[in-house]
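Close look at the chain arrangement
Spelled out, the chains give:
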Amino acid sequence: MNRPDLENSWAKKSENLEEDNLLWRQYNVFTDLFKFYVNTTWQVITWFYAITGAILVYYFDHAPKNPHLRYALLLPAVLSFGFSQIFKVGARQNKDLADWLDYIRSQLNLPGRPHVEILHLFLEQSSKLFLVVTIGLIIAFVSSFFNLFAAG
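Since the structure is predicted, the reported quantities are computational estimates derived from the model, not experimental observations.

**Thoughts on the overall build of the protein**
Of regular secondary structure, the protein possesses four helices and zero strands. Counting from the amino terminus, the protein carries its helices and strands in the arrangement α-α-α-α. Here the protein holds 152 residues, and 27% of them are scored as buried. Expressed as a percentage of contacts within the protein between residues at least 6 apart in sequence, the contacts between residues at least 24 apart total 79%. Total accessible area on the protein stands at roughly 10,600 Å², and carbon and sulfur atoms take up 65% of it.

**What about the pattern of salt bridges?**
In total, this model carries four salt bridges according to the counting rule given. A salt bridge links Asp32 to Lys35; the nearest nitrogen and oxygen atoms lie 3.4 Å apart. Taken together, the residues Asp32 and Lys35, both in helix H2 (residues 22-62) and three residues apart, mark about one turn of the helix. Overlapping salt bridges bring together Asp102, Arg113 and Glu117 as one network.

What counts, and at which threshold
- Residues numbered from 1 in each chain as written.
- Predicted model: local features only at pLDDT ≥ 70, side-chain atom pairs only at ≥ 80, totals over all residues.
- Heavy atoms only, no water.
- Helix = DSSP H or I, 4+ residues; strand = E, 2+ residues; numbered from the N terminus.
- Buried < 20%, exposed > 50% of the residue type's maximum accessible area, 1.4 Å probe, protein only.
- Contact = heavy atoms within 4.5 Å.
- Areas by Shrake-Rupley, 256 points an atom, 1.4 Å probe, with all protein chains shown as cover.
- Salt bridge = Lys/Arg side-chain N within 4 Å of Asp/Glu carboxyl O.

Structure representation (structure tokens):
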């Protein structure tokens, strides 16, 4: 890698950054926060789809025998809508994290920062997918009433 534009932005061996530097500590906190957000987002998504998948499997296997089981679709629908809204707000707030990291990076003359835009995309796309799941669950719930009357 022999690019002059990068060589000028990298720190030299002789340069030191004190550990008690407030901006450096804030940078580390924001970096850790970014990792926490990614991890938490991934865990929420994994948990939600595992639980929702289990509910749907049980519902489709047992719904013909138990018409009251359709109400089990409401919990994941409400959760999905809630997560959609939370993730939408999180995607907007992620811009602040990127701005702060850019500011600190420029003040400390660091060559780069974590790619927090990935978290923004992850939150934004997950929010949209949660909304699609909400609509699908509501359609399944409403259509269960029509299926009951058609069978009876």
